[in-house]
Amino acid sequence: MNILVQSISLNGLKAPVVAYVDLLIDGWLAIHGAKLCNSNGRVFVAMPNKIGGDGEWHDSVYPINRMGREAIHKAVVDAYVSLYGSDRLAAPVLPHPDL
């Protein structure tokens, strides 16, 4: 799986969203509006979401297995750290508990 982080836009607010991220997966799937988050001592990638008729938030696109989630997490965190360094992340860079 080839994951290209096309852009990282820093969020000027403190938390939990650190940056907004656009991804291109295998040259044919674009994901706009993923979020690099720092919450509850974890750094994780949240997929784009929208509010449903039930009043709950639902991801509009998401990896369907652990391999996909881990690959996206690694690509986003690696790209962020290469641009801004890990010291900008208040929490240690650990996988999301769902990983």
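Right above here is the structure, for reference.
It should be emphasised that the depicted structure is a prediction, and the values quoted were computed from it without experimental measurement.

Rules used in this analysis
Residues numbered from 1 in each chain as written. Predicted model: local features only at pLDDT ≥ 70, side-chain atom pairs only at ≥ 80, totals over all residues. Heavy atoms only, no water. Core = buried A, V, L, I, M, F, W, Y, C linked by side-chain atoms within 4.5 Å. Buried < 20%, exposed > 50% of the residue type's maximum accessible area, 1.4 Å probe, protein only. Helix = DSSP H or I, 4+ residues; strand = E, 2+ residues; numbered from the N terminus. Contact = heavy atoms within 4.5 Å. Pairing = 2+ DSSP bridges. Axes fitted to C-alpha atoms, helices over the stretch in contact; angles between N-to-C directions.

(A) Inspection of the nonpolar core at higher detail. Ranked by internal contacts, the top residues of the largest apolar core, which has 21 residues, are V5, L23, L36, I72 and V76. Looking at this core, the elements with two or more residues in it are β1 (3-10), β2 (17-25), β3 (29-39), β4 (42-46) and α1 (66-84). When residues in this core are grouped by element, the largest group, 6 residues, is from α1. Those residues in contact with V5 that lie beyond four places of it in its chain are V21, D22, L23, A75, V76 and A79.

(B) View of the sheet that holds β2. With antiparallel pairing, the 4 strands of this open sheet are ordered in space as β1-β2-β3-β4. The open sheet is flanked by β1 and β4, the only strands paired with a single partner. The average angle at which neighbouring strand axes cross in this sheet is 25°, direction not considered. Here β2 runs beside β3; their pairing, made up of 8 bridges, is antiparallel. Bridge assignment links L23 to a residue of β3, and that residue is I31.

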